[in-house]
Structures are given as C-alpha cells and as structure tokens.
Amino acid sequence: MTDIGGKNKVAPKMNGAQMILQALTELGVEVIFGYPGGAVLPIYDEIYRQDKIRHILVRHEQAAVHAAEGYARSTGKPGVVLVTSGPGATNAVTGLTDAMLDSIPVICLTGQVPRHLIGNDAFQEADTVGITRPCTKHNYLVKETALLPQVVYEAFYVATTGRPGPVVIDIPKDVQVEQAVYKVPQKAEHRTYRPRTIANEIEIEQIVELLMSAKRPIIYSGGGVINAGPEASKALTELAHMTNIPVTSTLMGLGAFADSDKQWLGMLGMHGTWEANHAMHDCDVMLAVGARFDDRITSRVDKFSPNSTKIQIDIDLSSINKNVQVDLGVVGDAGIVLKQIIAAWKANKASLNAAAMDQWWQQIDIWRARDCLAYSQNSDVVMPQHSIKRLFEMTRGLDPIIATEVGQHQMWAAQYFGFDDPNRWLTSGGLGTMGYGLPAAIGAQIAFPDKLVIDIAGEASIQMNIQELGTAIQHRLPVKVFILNNEYMGMVRQWQELTFEGRYSSSYSDALPDFVKLVEAYGGTGIRISHIDELDAGIQRMIDTPGLVVVDCQVAKLENCFPMVPAGAAHNEMMLAGDIRKTADDEISQAVV
Amino acid sequence: MFMQRGTLTNKVYKETDPMKEKGDIRTHTISVIVDNEAGVLARVIGLFSGRGYNIESLTVAQVESDEHRSRITVVTTGTLMVIEQIKAQLDRLVAVDRVADLTIEGPYVARDLALVKVSGIGEMRVEAMRVADVFRARAVDSSLSSFIFELTGAADKIDAFIEQMKGLGLVEVARTGAVALSRGSDGL
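Calculation criteria
Residues numbered from 1 in each chain as written. Chains lettered and ligands numbered in written order. Predicted model: local features only at pLDDT ≥ 70, side-chain atom pairs only at ≥ 80, totals over all residues. Heavy atoms only, no water. Helix = DSSP H or I, 4+ residues; strand = E, 2+ residues; numbered from the N terminus. Rg over C-alpha atoms; globule rule 2.2 N^0.38 Å. Buried < 20%, exposed > 50% of the residue type's maximum accessible area, 1.4 Å probe, protein only. Contact = heavy atoms within 4.5 Å. Areas by Shrake-Rupley, 256 points an atom, 1.4 Å probe, with all protein chains shown as cover. Salt bridge = Lys/Arg side-chain N within 4 Å of Asp/Glu carboxyl O. Buried area = accessible area lost by both parts, 1.4 Å probe. Polar contact = N/O pair within 3.5 Å; in protein donor to acceptor, adjacent residues only side chain to side chain. Expected span 1.5 Å × (residues − 1). Bend = angle between axes of the 7 residues up to and from the residue. Patch = residues over 30% accessible without salt bridge, like charges linked within 9 Å, V, L, I, M, F, W, Y side chains within 5 Å. Lys, Arg positive; Asp, Glu negative; His and termini not counted. Charge placed at Lys NZ, Arg CZ, Asp CG, Glu CD. Domains from an automatic or database assignment. Nonpolar A, V, L, I, M, F, W, Y, C, P; charged D, E, K, R; others polar. Pairing = 2+ DSSP bridges. Right-handed = clockwise from strand over helix to strand, strands pointing away. Axes fitted to C-alpha atoms, helices over the stretch in contact; angles between N-to-C directions. Parallel < 35°, antiparallel > 145°, perpendicular 65-115°, else oblique. Left-handed = near helix turned anticlockwise from the far one by under 90°.

(A) Representation of the overall build of chain A in the model. Check the secondary structure of chain A and you find 22 helices and 20 strands. For 593 residues, the compact-globule estimate of 2.2 N^0.38 gives 25 Å, and chain A sits close to it at 25 Å. Its C-alpha atoms put chain A at 85 × 60 × 50 Å along the principal axes. For chain A, with 593 residues in total, the buried portion stands at 59%. Here the analysis covers contacts within chain A between residues at least 6 apart in sequence; of these, 76% occur between residues at least 24 apart.

Here's what the structure looks like:
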C-alpha cells in the first residue's frame, strides 16, 4: 500500500483485482462461474484470499456462461462469469450469444493482455470487445483502474434493467494489478440508458377497450413475463382468471401460467398444440406479452393469425413490429403493464361478452378433443413421449427444475412436462444451443442445492458439454441427467425425413460411449433403461440416488416430434402424428430452417 | 480509441429479404446522439451490417465536448417497417442517447461537403473557375496547374458540380455524407 502518512485512510488504495471483488461483493454476488488463465490470475488470487464469493470451476468456458444462465433463470438474479483472455473469451461467445437471444442477465469478466500489448498480437490476445459487440447487450474495455467500480456497477445495471442481456467487461492484466483509490459508486445506473417500463393511461385504456370488444381473445405470453419476475406471472394469471381468456405461451414462457390451469392451451408454435395454434389462428384479439413473434412461433408470417387485432406489450421497442405488424404496440415491463391493465379493468368494471366467450371455449374444446399429443406406448420399447410423461408424473410433488439440451427431447419435454411455476424451466430457445442443459442444470443446482434438478438430454446434445460431469462431481452437485437415447440427432433426422426424402446425412450418433460407464468413471451413478418395464423403477432410482446420476434411457429410435407446423405452412395446417407426410417439393419450403 | 472528428460514408450490402421488400423503399435521414465512448461507431455500423440495413451515408463528429456527445447523421433506405426497425434497434443500443427521424419530423436542412481537385492549364483552368463560381464553390488550394474547390450543398448539387468537372480535368473527390438539422427553433 502506498498510503503515505495514513492520509488516505478514508479511501484506501487497492489493486484492480481487489476492486473487482469488492464491487461484486457490494452488489450481492455470491457465486462466480469461471476458468482461470494467465490474464486473470490476479483476480483468481483475490478470489483465493477472500471467502464471500464462491467460485465454481467449470471444465469449459462455454459451460461457465450456460451455468451462469441457469443460475440467472432459476433465481432471477444475474449470473457472473470469469474467464481468461483469448481462447477463454472466444469459448464464452456461444454462451453470450445464447444469453443475448434469450435475454438472460449475465456479467462476463474477461481477462485481457496488458494495456501496452493490446493490438500487438500478444499471447492469448483476442479483440474481445470487438468479437462480443454483436452478441452482448453492452461491453466495456476498462483502461483506467480507478473506473473499475463504476464500470462493474454500471454493467450490473445494464444487464438487469430493461430487456436483460449479457454484458462483457474486458480487463487488461495490468489494470488488475495497478493500485487505485476505491470510490463506491453513488448510483448503480447508466448515464443515459433508461428503459421505459410503464405504459401510459391512453395505452392502457385502449388495451382494455380492445379486450372488451373481443369475442375470441387469446393471451400469447413469452419469456419476457418470466424475466419480469414472479410478480408478472401472478399478474398474468390474475388477468387471465378475471377475463376467462385462454392462455398459450412460447417455449421460453413456460411456467408463467400454470400447466394445470383449465385456461392453459399448451405451448404454441412449430411444435405447439393443436388447440393453441388453432386458437391463435382464429382469434379476433391477441394480447402478446413479453413475446417477440419469433419465426418458430409465426411460421408463415402472411398467414399468421390473419383476422386478429394484435396488441403487443414488450420492454424492447425493437421487438414491436419486427416480424408481425401489430395494431397496438406498448413499450413497458410485462409485470407492470399487466398490473396496470388489471387495475383499469377493475376500475372500469369491464367484462367480456359471456355468450361469445362460451362459444369460443366450446370451439377450443373441439380442438382439444383432437388430443394432439396422443401417442401409443407398446409393451416393449420406451416411447420418448412416455418417458417424459412418467418423469413428470413421478416428480410432480418435488417441484423440480428442468433443464434441456436442444432437439426432439427438448420439444417433448416442453410438450409433456408441465410447469405450474416460473423459473423451473431452463432451455435454450433463441439460439438453440446443444450442450446448454448440463451446465445450466449445474448453475441452478448451485443456487438450489437441495432441489431436484434434472437435465433432460439427447445422446447427441449431452456430448457437447459432457465434460461438465466433472464440475458436478467436484462441487458435489446432485444433478440428474436423463438422456433420451435414440441414437440419432433426432431433430436433424426428422427434418431429413420430412424434407430430404430420408437421406440421413451424418445424423446417426455413431460410436456412442457407454453412458453408464462414463458417469461411473467420473464418480457418479449410471442407470440404464432399455425396456418399458424398467422405466418407472429407473426413474425412481434416479430420484432416490444421492449425487450425480446419468440415466441412459433408450427410446424408440425413429419417433418424430409432433404436432408440427411444417415449413411454409400456416398454424391451421399442422401435421399430427400419423398424418401422411409429403416431402416438401418447393425450394422455399426447403429453405425454411 | 475515441472517435476522431471526421466523416465516413459506407454502402452496406443490399436488403434482399423478400418479406421486407414489400412496400415502397424510402430514404430517411436519421440523427443519432451517442455517448462519445470507445467503439460507439463500431456498434452503430455493426448494427447496420449485422442486420442487413443499408447505409447511404453516415457522418459523425463530437458536437458537445463537455458532455462527451457525438452526433451521427445516417441516411438509410428501406420500407417503412424496416426504417421503424432501424430506429428502434438504434435506440436499443446502450450508448445511444436519442434517435430522431428528420424525414418524418418535419422540414430539415441537409448538407454535404465536398473537396474537388481539378487539374488543367489555360482555358480549362479558367472554365473550371467559372463553373465553380456558378456553384459558389471556393478555391481552397491553388497551384499553377490545379485547384481544390470546396463546395457545400445538397447531395444532388454536389453531384452536378462533379459531373461538370469531369470535362475540366477532375482528379479526385473527397466528400462527406449529409449532416442535417431540423428547421425552426427546436433542437433534438
């Protein structure tokens, strides 16, 4: 310390690494997911010397970000990541992009080469702020040590305010070592960035009027409702109950409205339910809340809900009118605006036309009667749908947190696993990142050590971050990995079947490891389910076994995921299991991804 | 690296998405006030290239040195839906303070600046000077066989001047994109 004569007692100098830890501690950070390396050694040294913040060592930087995402989605708090320069930062890019597309608050600290070496092609140098500019909400390169506290505070503000997202702070190694005076930032905010959260009265009046005029209304909710906190989910439920409007939701929004509620239509979109998609297509007033009309939802934009008046509530102005022109776009926080609508609805003693609503619900019941998620389970091979259904039923009282990888198993989990509460469903929706689930489950398990956390996986996806089994063992995390093993990259195979005449190019999962032996090698428990008779016992054993468990559930190999809105079709042109499948013959259909 | 006072013109690849092609393609002049911090220009340009928007021209310079604010004037083309989306995406950048669509918000003044070098002797040189006079261009550099003219005005006026200079020994041109302000007493 260069505290000459004790003059600086009030504001002692510390080095950059201490300042970072100090700021993180003040901001309430309890855990960091990371991986050390040359350019972050000073920060790692400070982590070693303190006991307020826990560091979770992962096995790959991508997993560090996914773990932080899992932590953030399950707790509502921002996740914090620490990686080194160069490869550490570039490995984190997939995770950052994932957090960007799914609007997850993540703060990623990256080490950088010392200031005098920047731009010099130094060892493990990469232009981190340049590379991460399009895949973060905002990023910083800190060149002045004294600015560190302000930047860290501001990064938390930016990551968690408005539409949440990832923020990168790139810190040169010499900045981490240099001494400076730590000044506690007065306010944790940004100089100019102030997202709008509250709708104005006129907008609320218009929403209430439009809803009151509806004969076939629907609420289409999305991940924004989850991001707005549990209060927003409560408000959504209250509004739905007081108006009797049916509710559907995107993949990211599952859990905001209870699956067990009679007004719940199931998920909508490409693999959504018959009733949800038909109701979306036929509705006359649509209230979209925290949902962005993504292409997996709309399918063909020109045939998407053609006769409805559309209201969209979103915290992000750029989400409004991006893909679908809406009639009333309202910028605001999902929870706050929903509460404003509820208050106005009550104040106006508003109501919907009861006769029309009866008719609408009768129509919905006709669609429901198609029983679009039906499947037939034989007495031999486990059907993938059935395994998820049993997993759901057998864990019902345990309030589990479910993570998924990406592919058929993810869609089956979304269809057959019911969520009654928010923050229980961790999945990569926007980016569709295989390898997301295991690290995300680890992040959630860190936040909730005593909860049942299950990663529903596919045998292909799980291999993308399977090294994280080591992380789970090291930190004694009782994560359960439930692999639906059909020996195919199932969703790829399904698309090849539907659009490329069954030419299964590179979609067979060859040379699979023995997952049971693999997890045993790490020190966990492996369970194999290869027959329907073993399913329930296997699931029960997974639940009852302490510590890390991997279940290799061998399911029917060629089962496809239905219902499905095929490429280039409208919501009312869905395919159900057993429909005759035509190969898509026009180029446009094949071009749809 | 802080943004230097200067200008930049860039043409990004053409919009080809058939869905977004619907409707008339319009040209809009947009003013963006940004925090003058490292990388802010890269954020704005990256947004245009990453999302496939057009930049007809883009100028930028610090305008409030105390406040560390810069003003970017961008001329862009697209359907109304795309233009709206461009403004919303710009507004969403954390470093962007304010976005104004001058084309929509009322009458405005837009000016380009060009430096035009012309080389010639004798009658050619005299004629170049005469044309410059008609266009109210000023000679800011002169040698026995060349001039550099400085000309400000609307883009089409500058185009016309350059066209005429082609026959009079045009050597090279440096020009800015548009800088623009709304007419009347109100500011952004």
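(B) Broad picture of the overall build of chain B. If you tally the helices and strands in chain B, you get five helices and ten strands. Looking at chain B as a whole, 43% of its 188 residues qualify as buried. Taking the intrachain contacts of chain B between residues at least 6 apart in sequence as the baseline, contacts between residues at least 24 apart amount to 75%. Of the roughly 9,700 Å² that chain B leaves accessible, carbon and sulfur atoms contribute 54%.

(C) Focus on the pattern of salt bridges. Summed over all chains, the structure comprises 39 salt bridges over all chains. The partner of A:Asp45 in a salt bridge is A:Arg49, and the shortest N-O contact between them spans 3.6 Å. Judged by its relative accessible area of 57%, A:Arg49 falls in the exposed class. One salt bridge connects B:Glu163 with B:Lys166, and the closest N-O pair in it is separated by 3.3 Å. Through salt bridges that share partners, A:Arg191, B:Asp35, B:Arg69, B:Asp97 and B:Arg98 make up one connected network.

(D) Representation of the interface of chain B and chain A. If you look at the interface, chain B gives 19 residues, while chain A gives 22 residues. Together chain B and chain A conceal approximately 1,700 Å² of surface at their shared face, both sides included; 51% is due to carbon and sulfur atoms. Counting across the chain B and chain A interface gives two salt bridges. For B:Asp35, the salt bridge is made with A:Arg191, and the minimal N-O distance between the two is 3.3 Å. Scanning the region where chain B abuts chain A turns up six residue pairs in polar contact (both at pLDDT 80 or more). Listing elements by their share of the side of chain B that touches chain A, those giving two or more residues are helix H2 (40–50) and helix H3 (80–92) of chain B. For the side of chain B that touches chain A, the leading source of residues is H3(B), giving six residues.

(E) Molecular detail of helix H4 (residues 87–101) of chain A. All names here are of chain A. With 15 residues, H4 extends 22 Å from end C-alpha to end C-alpha; this agrees with the ideal 21 Å at 1.5 Å per step. The largest bend in H4 comes to about 35°, at Val93. The set of residues buried in H4 consists of Gly88, Ala89, Ala92, Val93, Gly95, Leu96, Asp98, Ala99 and Met100. Within two residues after H4, Ser103 carries a phi angle of roughly 55°, on the positive side.

(F) Main features of a positive patch on the surface. A cluster of basic residues, B:Arg111, B:Arg136, B:Lys157 and B:Arg183, forms a positive patch on the protein surface. The exposure class assigned to B:Arg183 is exposed, which follows from its relative accessible area of 53%.

(G) How the structure looks around the domain arrangement of chain B. All names here are of chain B. On domain assignment, one finds that chain B holds domain 1 (13–106) and domain 2 (109–181). Relative placement of domain 1 and domain 2: their C-alpha centres are 29 Å apart. Each partner contributes to the interface: domain 1 provides eight residues, whereas domain 2 provides six residues. Our enumeration of links across domain 1 and domain 2 arrives at zero salt bridges. For the side of domain 1 that touches domain 2, the secondary-structure elements that each account for two or more residues are strand E2 (26–35), strand E3 (57–64) and strand E4 (69–78). Looking at which element gives the most residues to the side of domain 1 that touches domain 2, the answer is E4, with three residues. Tallied by class, residues from the side of domain 1 that touches domain 2 come to two nonpolar, five polar and one charged.

(H) Region of the structure containing the pairing of strand E18 (residues 480–485) of chain A. Residue and element names in this part refer to chain A. Buried residues dominate E18, accounting for six of its six residues. Of the two faces of E18, the one carrying Lys480, Phe482 and Leu484 and the one carrying Val481, Ile483 and Asn485 are both buried. Of the pairings in the sheet, the one linking strand E17 (residues 453–458) to E18 comprises five bridges and is parallel in character. Its bridge partner being in E18, Ile456 is matched across the sheet by Phe482. Taken together, E17, helix H18 (residues 469–474) and E18 form a β-α-β motif whose crossover is right-handed. Alignment of E18 against strand E20 (residues 549–554), held across six bridges, turns out to be parallel. Each residue of the ladder has a partner; that of Lys480, found in E20, is Val549.

(I) Seen up close, the packing of helix H15 (residues 384–394) of chain A against helix H16 (residues 408–416) of chain A. Residues and elements named next belong to chain A. Relative to each other, H15 and H16 sit at 50°, their axes nearing to 9 Å. Our classification of the angle between H15 and H16 gives oblique. Viewed along their axes, H15 and H16 form a crossing whose handedness is right-handed. Along the contact surface, H15 presents Pro384, Gln385, Ile388, Lys389 and Phe392, while H16 presents His409, Trp412, Ala413 and Tyr416.

(J) Structural detail: unusual backbone geometry. Cis geometry is adopted by the peptide bond preceding A:Pro563, which originates at A:Phe562 and carries an omega value of -5°. In this fold, A:Pro563 is placed in the loop between E20 and helix H22 (587–591). Even without being a glycine, A:Ser103 presents a positive backbone phi close to 55°. Summarising the element assignment, A:Ser103 is placed in the loop between H4 and strand E5 (106–112). Given the relative accessible area of 6%, A:Ser103 is considered buried. The backbone of B:Arg136 sits at a positive phi, close to 55°, despite the residue not being glycine. In this structure, B:Arg136 sits in the loop between helix H4 (123–134) and strand E7 (138–143). By relative accessible area, B:Arg136 is classed as exposed at 71%.

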